[in-house]
Amino acid sequence: MPSIDYEQARRALEESFALAEASLLKGSEPQFKADIAEACEIIFTSSTQAYREVLLGGTLARIHDKSINIR
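Residues numbered from 1 in each chain as written. Predicted model: local features only at pLDDT ≥ 70, side-chain atom pairs only at ≥ 80, totals over all residues. Heavy atoms only, no water.

### Quick notes on helix 3 (residues 49–64)
Let me state the cut-off plainly: Secondary structure counts use DSSP, requiring at least four H or I residues in a row for a helix and at least two E residues in a row for a strand, with both numbered from the N terminus. The span expected for a helix works out to 1.5 Å for each residue beyond the first. Accessibility here uses a 1.4 Å probe with only protein chains present; expressed as a share of the type maximum, an area under 20% marks a residue as buried, one over 50% as exposed, and anything in between as partly exposed. Within this analysis, the arc is defined by the directions that extend from the helix axis to the C-beta atoms. Any pair of residues with heavy atoms lying within 4.5 Å of one another is described as a contacting pair.
The terminal C-alpha atoms of helix 3 lie 23 Å apart, and with 16 residues this matches the ideal 22 Å at 1.5 Å per residue to within 8%. Where helix 3 is concerned, the buried positions are Gly58, Leu60 and Ala61. Seen end-on, helix 3 carries its buried residues on one side only, within an arc spanning 165°. In this structure, the buried residues of helix 3 make contact with helix 1 (6–25).

### Considerations on the layout of surface pockets
Operational definition: With a 1 Å grid laid over protein atoms only, a set of points is called a cavity when a 1.4 Å probe fits there but cannot get out and a pocket when it is open yet has protein on both sides within 12 Å along at least five of seven lines; lining residues have an atom within 4 Å of a point. Grid points are joined across faces, edges and corners, and a volume is the space filled by probe spheres set on the points.
The space that makes up the largest pocket amounts to roughly 950 Å³. Around the largest pocket sit 26 residues that line it, and Ser16, Ala20, Phe32, Phe44 and Leu56 are the ones nearest its centre. With 10 residues, helix 1 is the single largest residue contributor to the lining of the largest pocket.

### Some details on the pattern of salt bridges
Two side chains bearing opposite charge may form a pair once their charged atoms approach each other closely. Short version of the rule: For salt bridges, the criterion is a side-chain nitrogen of Lys or Arg within 4 Å of an Asp or Glu carboxyl oxygen.
Scanning all chains against the criterion turns up three salt bridges. Across the pair Arg10 and Glu7 runs a salt bridge whose closest N-O atoms are separated by 2.2 Å. Here Arg10 pairs with Glu7, and both are found in helix 1, just three residues apart, close to one helical turn. Given the relative accessible area of 36%, Arg10 is considered partly exposed. According to the relative accessible area criterion, Glu7 is partly exposed, its value standing at 39%. The residue Arg10 makes a salt bridge to Glu14 at a minimum N-O spacing of 2.6 Å. You can see Arg10 and its partner Glu14 sitting in helix 1, four residues apart, about one turn around the helix. One connected set of salt bridges, linked through shared partners, spans Glu7, Arg10, Arg11 and Glu14.

### Quick word on helix 1
Worth spelling out the cut-off: In protein, a polar contact means a hydrogen-donor-capable atom and an acceptor-capable atom, both N or O and within 3.5 Å, with residues adjacent in sequence counting only if both atoms are side-chain atoms; elsewhere, any N or O pair within 3.5 Å suffices.
With 20 residues, helix 1 ought to run about 28 Å at 1.5 Å a step, and its terminal C-alpha atoms sit 28 Å apart, in line with that. The opening residue of helix 1 is Asp5, an N-cap whose side-chain oxygen sits 3.1 Å from the backbone nitrogen of Glu7. Where helix 1 terminates, the next one or two residues include Gly27, which has phi positive at roughly 90°.

### Here we look at the environment of Ile68
Tracing the sequence through the fold places Ile68 in the segment after helix 3. What makes Ile68 buried here is its relative accessible area of 14%. Sequence separation of Ile68 and Glu41 is 27 residues, and the distance between their C-alpha atoms is 25 Å.

Structure follows, in structure tokens:
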């Protein structure tokens, strides 16, 4: 059974956040494929915070261990 190193996942999240924050402060927004941007728009306009938490958690888990089935 896959396991997650939560400290490593936390560091990855903090590093990614710092890079995104610095980029946005410089006025540079990330570019995404249209279908990904549309899907994210739907998730982030929802008032249900759990959707965003699951998306973030699933993404971190998958980055950490490619064998994890996030479905």
